[in-house]
Amino acid sequence: IYGTMMRENYKFQELKELADLTDTITSSTIELWNMCKQKLLPTPAKFHYIFNLRDLSRIFGGILNSPSLDRDENAVTQDVD
């Protein structure tokens, strides 16, 4: 679901490079979320470490609501030194 939403959003914004990367972005984000769920378990001192599907939705909502990138086609795939 999240990958489809991102892909269509980036196609609408004419960001083909990001649209092509949505499967990678989606799977990496879900993998990171799962790692956080496994490693950051709640304790009496850190009871707020409870991760649920709402948190994952907020991550993708933030990605989708982020400002548009520069329309330069090389901006998405350009290496940063």
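Residues numbered from 1 in each chain as written. Predicted model: local features only at pLDDT ≥ 70, side-chain atom pairs only at ≥ 80, totals over all residues. Heavy atoms only, no water.

1. Digging into the overall build of the protein
Here comes step 1: Helix and strand counts for the protein stand at 4 helices and 0 strands.
Here comes step 2: Across the protein, helices and strands are ordered from the amino to the carboxyl terminus as α-α-α-α.
Here comes step 3: Across the protein, every contact between residues at least 6 apart in sequence was considered, and the portion connecting residues at least 24 apart equals 52%.
Here comes step 4: Summed over its atoms, the accessible surface of the protein is roughly 6,300 Å², and 57% of this surface lies on carbon and sulfur atoms. (Helix = DSSP H or I, 4+ residues; strand = E, 2+ residues; numbered from the N terminus. Contact = heavy atoms within 4.5 Å. Areas by Shrake-Rupley, 256 points an atom, 1.4 Å probe, with all protein chains shown as cover.)

2. Looking at helix H4 (residues 53-64)
The periodicity of an α-helix, 3.6 residues per turn, causes residues three or four positions apart to be oriented the same way.
Here comes step 1: For H4, which comprises 12 residues, the first-to-last C-alpha distance of 17 Å matches the rise-based estimate of 16 Å (1.5 Å per residue) to within 8%.
Here comes step 2: What H4 keeps buried is the set Leu 56, Phe 60 and Leu 64. Buried residues along H4 cover an arc of 80° about the axis, so they all sit on one side. Within H4, the exposed residues directed more than 90 degrees away from the buried face are Arg 54 and Arg 58.
Here comes step 3: Where H4 is buried, its residues touch helix H1 (2-12) and helix H3 (22-39). (Expected span 1.5 Å × (residues − 1). Buried < 20%, exposed > 50% of the residue type's maximum accessible area, 1.4 Å probe, protein only. Arc of directions from axis to C-beta.)

3. Side note on the packing of aromatic side chains
In this description, a pair of aromatic rings is defined by centroid distance and the angle of the planes.
Here comes step 1: Under the definition given, this model contains 1 aromatic pair.
Here comes step 2: In this structure, Lys 37 is placed above the aromatic ring of Trp 33, and the distance from its NZ or CZ to the ring centre is 4.3 Å. (Phe/Tyr/Trp six-rings, centres within 6.5 Å; stacked < 30°, edge-to-face > 60°. Lys NZ or Arg CZ within 6 Å of the ring centre and 35° of its normal.)

4. Let's talk about the environment of Ile 50
Here comes step 1: Along the polypeptide, Ile 50 turns up in the loop between H3 and H4.
Here comes step 2: The exposure class assigned to Ile 50 is exposed, which follows from its relative accessible area of 55%.
Here comes step 3: In sequence terms Ile 50 and Leu 40 are 10 residues apart; their C-alpha atoms lie 8.0 Å from each other.
Here comes step 4: Excluding residues within four positions of it along the chain, Ile 50 makes contact with Pro 42 and Asp 55.

5. Here's the deal with the packing of H1 against H3
Here comes step 1: The interhelical angle for the contact between H1 and H3, taken along N-to-C directions, is 140°, at an axis separation of 9 Å. Note that H1 runs across H3; the crossing there is right-handed. Residues Tyr 2, Gly 3, Met 6, Arg 7 and Tyr 10 of H1 form the contact with H3, whose participating residues are Thr 22, Asp 23, Ile 25 and Thr 26.
Here comes step 2: Residue composition of the contact of H1 with H3, by class: 4 nonpolar, 3 polar and 2 charged. (Axes fitted to C-alpha atoms, helices over the stretch in contact; angles between N-to-C directions. Left-handed = near helix turned anticlockwise from the far one by under 90°. Nonpolar A, V, L, I, M, F, W, Y, C, P; charged D, E, K, R; others polar.)

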